[in-house]
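# Fold and contact review
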Amino acid sequence: MPPSDRKPRRFPLQLDQVASPRSGGARTPIGSTPAPRVSREILRPQAPLHLAERDRQRQATPQGLGLDSAQVRLRMVQRLQADGISHPGVLQAFATVPRHLFVDTALVNQAYEDTSLPIGLGQTISKPSVVAAMIQLLCVRPGLPRSDMPGAPTNTKPLGNCLEIGTGCGYQAALLGHLARRVVSIERLRDLHLKARGNLEQLRAVLPAWPDVRLVYGDGMIGHAPAAPFDTIIAAAGGSALPQAWLDQLAPGGRLVAPTEDERGGQVLVIVDRLPDGRFQQTRAGAVLFVPLKSGTT
Ligand code: SAH
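Conventions adopted
Residues numbered from 1 in each chain as written. Predicted model: local features only at pLDDT ≥ 70, side-chain atom pairs only at ≥ 80, totals over all residues. Heavy atoms only, no water. Salt bridge = Lys/Arg side-chain N within 4 Å of Asp/Glu carboxyl O. Helix = DSSP H or I, 4+ residues; strand = E, 2+ residues; numbered from the N terminus. Buried < 20%, exposed > 50% of the residue type's maximum accessible area, 1.4 Å probe, protein only. Phe/Tyr/Trp six-rings, centres within 6.5 Å; stacked < 30°, edge-to-face > 60°. Pairing = 2+ DSSP bridges. Axes fitted to C-alpha atoms, helices over the stretch in contact; angles between N-to-C directions. Contact = heavy atoms within 4.5 Å. Core = buried A, V, L, I, M, F, W, Y, C linked by side-chain atoms within 4.5 Å. Right-handed = clockwise from strand over helix to strand, strands pointing away. Expected span 1.5 Å × (residues − 1).

## Some points on the pattern of salt bridges
A complete count under the given rule lists seven salt bridges for this structure. Close ionic contact of D104 with K195 constitutes a salt bridge, the shortest N to O distance being 3.6 Å. Taken together, the residues span a long stretch of sequence, with D104 in the loop between helix 3 (88-96) and strand 1 (117-120) and K195 in helix 6 (residues 190-206) at a distance of 91 residues. Across the salt bridge formed by D273 and R255, the nearest N and O atoms sit 2.7 Å from each other. Taken as a pair, D273 in strand 9 (residues 267-274) and R255 in strand 8 (residues 250-261) lie far apart in primary sequence, 18 residues in all. You'll find D273 and R255 in the same group, each marked buried.

## Observations regarding the packing of aromatic side chains
Going through the model one piece at a time under the given rule, you end up with two aromatic pairs. Their ring planes at 75° and their centres at 6.2 Å tell us that F94 and Y171 sit as a pair that is edge-to-face. With F94 in helix 3 and Y171 in helix 5 (residues 171-177), this pair connects stretches of sequence that are 77 residues apart. Accessibility assignment for this pair places F94 and Y171 in one class, buried. Look at F102 and Y171: their rings are 5.6 Å apart centre to centre, the planes differ by 65°, and that puts the pair in the edge-to-face class. Of this pair, F102 sits in the loop between helix 3 and strand 1 while Y171 sits in helix 5, placing them 69 residues apart in sequence.

## Section: the sheet that holds strand 3 (residues 161-165)
With mixed pairing, the seven strands of this open sheet are ordered in space as 5-4-3-6-8-9-10. With partners counted over all chains shown, the strands left at the sheet margins are strand 5 (213-217) and strand 10 (280-287), one partner each. Shown here is a sheet whose adjacent strand axes are inclined to one another by a mean of 15°, direction ignored. Across four bridges, strand 3 lies against strand 6 (residues 230-235) in parallel orientation. Paired with L163 across the two strands is I233, which belongs to strand 6. Against the sheet, helix 6 makes contact with strand 4 (182-187) and strand 5, and its axis sits at roughly 165° relative to strand 5, the strand it touches most.

## Regarding the nonpolar core
Counting 51 residues, the largest nonpolar core has F94, F102, I135, L159 and Y171 as its most contacted members. Elements with a contribution of two residues or more to this core: helix 2 (69-82), helix 3, strand 1, helix 4 (128-139), helix 5, helix 6, strand 5 and strand 9. Considering each element in turn, this core owes the most residues, six residues, to helix 4. Sequence-distant contacts of I135, that is, excluding residues within four places in its chain, are made with V90, L159, Q172, L175, L176, L179 and I234.

## Examining the environment of Q78
Within the secondary structure, Q78 is located in helix 2. A sequence separation of 17 residues divides Q78 from A95, and the C-alpha atoms of the two residues are 9.6 Å apart.

## What to know about the pairing of strand 3
Burial of strand 3 is extensive: five of the five residues sit out of reach of the surface. One ladder, built from five bridges, connects strand 3 with strand 4; its direction is parallel. Its bridge partner being in strand 4, C162 is matched across the sheet by V183. A crossover connection joins strand 3 to the parallel strand 4 through helix 5; in handedness this β-α-β unit is right-handed.

## Some details on helix 4
Here helix 4 contains 12 residues, and its C-alpha end-to-end distance of 16 Å stays within 8% of the 16 Å for a straight helix at 1.5 Å per residue. Burial of helix 4 is extensive: nine of the 12 residues sit out of reach of the surface. Turning to helix 4, its buried residues are P128, S129, V131, A132, M134, I135, Q136, L138 and C139. Looking at the packing, one finds that the buried side of helix 4 touches helix 2, helix 3, helix 5, strand 6, strand 8 and strand 9.

Given below as structure tokens:
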């Protein structure tokens, strides 16, 4: 086809026909047909990098929980202090154990918030404030010689020989490990028991002085006679009554802290002290809501 027969070309537009955002309109070459106005709005599917960085810095908890996790943990410890946790050993344990290692990757952002989080199989990792309050109750038990005071021998730990019922993901067991001579922690769900094993293995890799924590797969309602008597017993699940085995396995001068059903069908936190003469003394420390204590294993 001879060039004169060609229709004037409209598309694609030549660069000089396109409106420049600053000039405010299309420039029309002299002697040619005016080009149609074209909208030049810029679409940005991704935010510019500097804005993304600014948004990241505004986040309450950092996204990359690596080297910066100590800072976030410190903020959690300060919140615990503001809530009345004052025992230096308890605060130190919370500052040391990386909670984010115990939750699923998708929940890592929430690891240092004061919230319980799902850990699989319908179970949850308990709220830091509740865990801290319960451990503090164990630490200040009346039968305790003041061995956690400055100048006391470092090999005597305030929780002594400690039994935990309901390992879950193993977070509380790791905290207890920093305060006890030995921790035995029992879980009735096999998959969670194995998960906790994996989590504590991971912890071993990052914490140089690894505490003595033994995980047992079994029914915690019968306690753990081979390692009894226990100076401290703590339960993370609540039943209709305290199992007799726990009371039997509590050493004189020892303390048990556990949720249990009250007369109105709710749950209360119960503290049982075994006095040096062997008698039991029970007190209540307020309403709580823990997962149910179930018998048998799965
Ligand atoms: N301390 C845990 C919280 C776990 S939730 C943590 O830090 O993640 C309570 C756990 O108690 C659940 O995993 C549940 O399976 C367990 N549990 C309930 N009844 C039990 C029993 N009879 N023996 C052992 N574990 C039990």
